[in-house]
Amino acid sequence: MSLQSLDIPLVADDGHRFNLIARIPAQPRRSLLWLPALGVAARHYLPLAEALAARGVAVFVHEWRGNGSSNLRPSRRNDWGYCEILTRDLPLSHAALQQHAGTATAIIGGHSLGGQLAACYLGLQAGRFQRLWLVASGTPYWRTFPGLRGYALPLFYRFAIWISRRRGALPGRRLGFGGEEAHGLVHDWAKVGLGGRYAAAGLEIDLEAAMAKALAAIDAVLLSDDWLAPPSSLQALLDKLPLTAARTEVLSAEDLQAKADHFAWMKQPQAVAEALDR
């Protein structure tokens, strides 16, 4: 199959520069704007992009601020949160998808935090996407996690807010969670984890209300041994999209031919690509 590989340079109105990675088949029947997990650079989703492109899906992998090709790194001087991602960066990637994919059925999706923000952006872009694809995703709200794990999460969320404010960024690589993350991003994420409601500091739009009005079919994939995204967490996210029809598939290590955890599938994504693209 003929496949076009692009690195599309984009510049936000506040000077943020990044590349949108695209893998585009000759005649795409679907187009996907894909959002990475927290702290994961876009290039790590190339195996997924190529697996989906082989199935006729044009894939555009967004780059988070502070990761990979982004010209920014979080610090006391460089800070951002959900507002900048949803209103400055994602519209640029969305416009590039529309320019390069033509009339192919538009899908937005993501992995982990990427899936959450894909759901938020879906709410803000009424009617622009026909489907939402989620992999190992769900709300971080502590009450949606079973057992002692759930009760421990508020302590971690409060610690993450404190240390990122103190240092100017979350030292995620040292903590074993995410990368070097901006304080504003950590604050927005942890607030959802503590209170269960999506909001973005500096954004006047009610994200919860916008998500509740979203219309799109949802295809969700869970990994059987993934403690970071249990079924109850996914269901709580789906409950915020009551007008959508959702299909969920759980993949095992046997299905994946890899560990069925939060990240191992990324290197062998064929089963995930098949589960999404039914």
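Note: the structure precedes this text.
S.K.: In this structure, what is going on with helix H1 (residues 46–53)? I would like to understand it.
M.R.: Residue pairs three or four apart in sequence face the same way in an α-helix, which turns once every 3.6 residues. Within the span of H1, buried status applies to Leu-48, Ala-49, Ala-51, Leu-52 and Ala-53. Tucked into the core, H1 has its buried residues touching strand E1 (3–11), strand E2 (17–25), strand E3 (30–35), strand E4 (57–61), strand E6 (131–135) and helix H10 (270–276).

S.K.: Explanation requested: the packing of helix H2 (residues 82–101) against helix H3 (residues 113–124) in the structure shown.
M.R.: Relative placement of two packed helices is described by the angle separating their axes and the distance separating the axes. Contact geometry of H2 with H3 gives a least axis separation of 11 Å together with a crossing angle of 80°. For the element pair H2 / H3, the angle class is roughly perpendicular. Within the contact between the two elements, H2 uses Tyr-82, Ile-85, Leu-86, Leu-90, Pro-91 and His-94 and H3 uses Leu-113, Leu-117, Cys-120, Tyr-121 and Leu-124. Partitioned by chemical class, the residues of the contact of H2 with H3 number 10 nonpolar, one polar and no charged.

S.K.: How do you make sense of the sheet that holds E6 when you look at a structure like this?
M.R.: Sheets are built from strands that pair by backbone hydrogen bonding, the pairs being arranged parallel or antiparallel. Ordered in space as E1-E2-E4-E3-E5-E6-E9-E10, the eight strands form an open sheet in which the pairing is mixed. Edge positions in the sheet fall to E1 and strand E10 (245–251), since each of these pairs with one other strand and no more. Within this sheet the neighbouring strands show an average axis-to-axis angle of 20°, counted without direction. Where E2 and E4 come together, three bridges link them in antiparallel fashion. Bridging from a neighbouring strand, Ala-22 pairs with Phe-60 of E4. Against the sheet, H2 contacts E1, E2, E3 and E4, and its axis sits at roughly 160° relative to E3. Contacting E3, strand E5 (105–111) and E6, H3 runs over the sheet at an angle of about 140° to E5.

S.K.: For this particular structure, what's the right way to read the environment of Leu-35?
M.R.: Here Leu-35 shows up in strand E3. Exposure remark for Leu-35: the relative accessible area of 0% places this residue in the buried category. Remark: the alpha-carbon pair of Leu-35 and Ile-108, spanning 73 residues in sequence, is separated by 8.0 Å. With near-sequence residues (within four places) excluded, Leu-35 lies in contact with His-62, Trp-64, Leu-90, Ile-108, Gly-109, Gly-110, His-111, Gly-114, Leu-117 and Ala-118.

S.K.: What is the right way to look at a positive patch on the surface in this model?
M.R.: A contiguous patch of positive charge on the surface is contributed by Arg-76, Arg-166, Arg-167 and Arg-174. Relative to the elements of secondary structure, Arg-167 occurs in helix H4 (residues 147–167).

S.K.: Can you help me understand the pairing of E5 in this one?
M.R.: A regular strand carries its side chains on alternate faces of the sheet. Of all seven residues in E5, six are buried, a share of seventy percent or more. Across six bridges, the pairing between E3 and E5 is parallel. Residue Leu-32 lies in a different strand from E5, and its bridge partner there is Ile-107. With five bridges connecting them, E5 and E6 associate as parallel partners.

S.K.: Would you explain the nonpolar core in this entry?
M.R.: Looking at soluble globular proteins, one finds that nonpolar side chains tend to be buried together. The biggest cluster of nonpolar side chains holds 64 residues, and the ones touching the most others in it are Phe-60, Tyr-82, Ile-108 and Leu-132. The greatest single-element share of this core, amounting to eight residues, is contributed by H2. Every residue in contact with Tyr-82, bar those within four places of it in the chain, is listed here: Leu-113, Leu-117, Leu-185, Asp-188, Trp-189, Val-192, Ala-199 and Ala-200. Of all hydrophobic cores here, the second largest spans 32 residues; its members include Ile-107, Trp-133, Val-272 and Ala-273.

Cut-offs applied
Residues numbered from 1 in each chain as written. Predicted model: local features only at pLDDT ≥ 70, side-chain atom pairs only at ≥ 80, totals over all residues. Heavy atoms only, no water. Buried < 20%, exposed > 50% of the residue type's maximum accessible area, 1.4 Å probe, protein only. Helix = DSSP H or I, 4+ residues; strand = E, 2+ residues; numbered from the N terminus. Contact = heavy atoms within 4.5 Å. Axes fitted to C-alpha atoms, helices over the stretch in contact; angles between N-to-C directions. Parallel < 35°, antiparallel > 145°, perpendicular 65-115°, else oblique. Nonpolar A, V, L, I, M, F, W, Y, C, P; charged D, E, K, R; others polar. Pairing = 2+ DSSP bridges. Patch = residues over 30% accessible without salt bridge, like charges linked within 9 Å, V, L, I, M, F, W, Y side chains within 5 Å. Areas by Shrake-Rupley, 256 points an atom, 1.4 Å probe, with all protein chains shown as cover. Salt bridge = Lys/Arg side-chain N within 4 Å of Asp/Glu carboxyl O. Lys, Arg positive; Asp, Glu negative; His and termini not counted. Charge placed at Lys NZ, Arg CZ, Asp CG, Glu CD. Core = buried A, V, L, I, M, F, W, Y, C linked by side-chain atoms within 4.5 Å.

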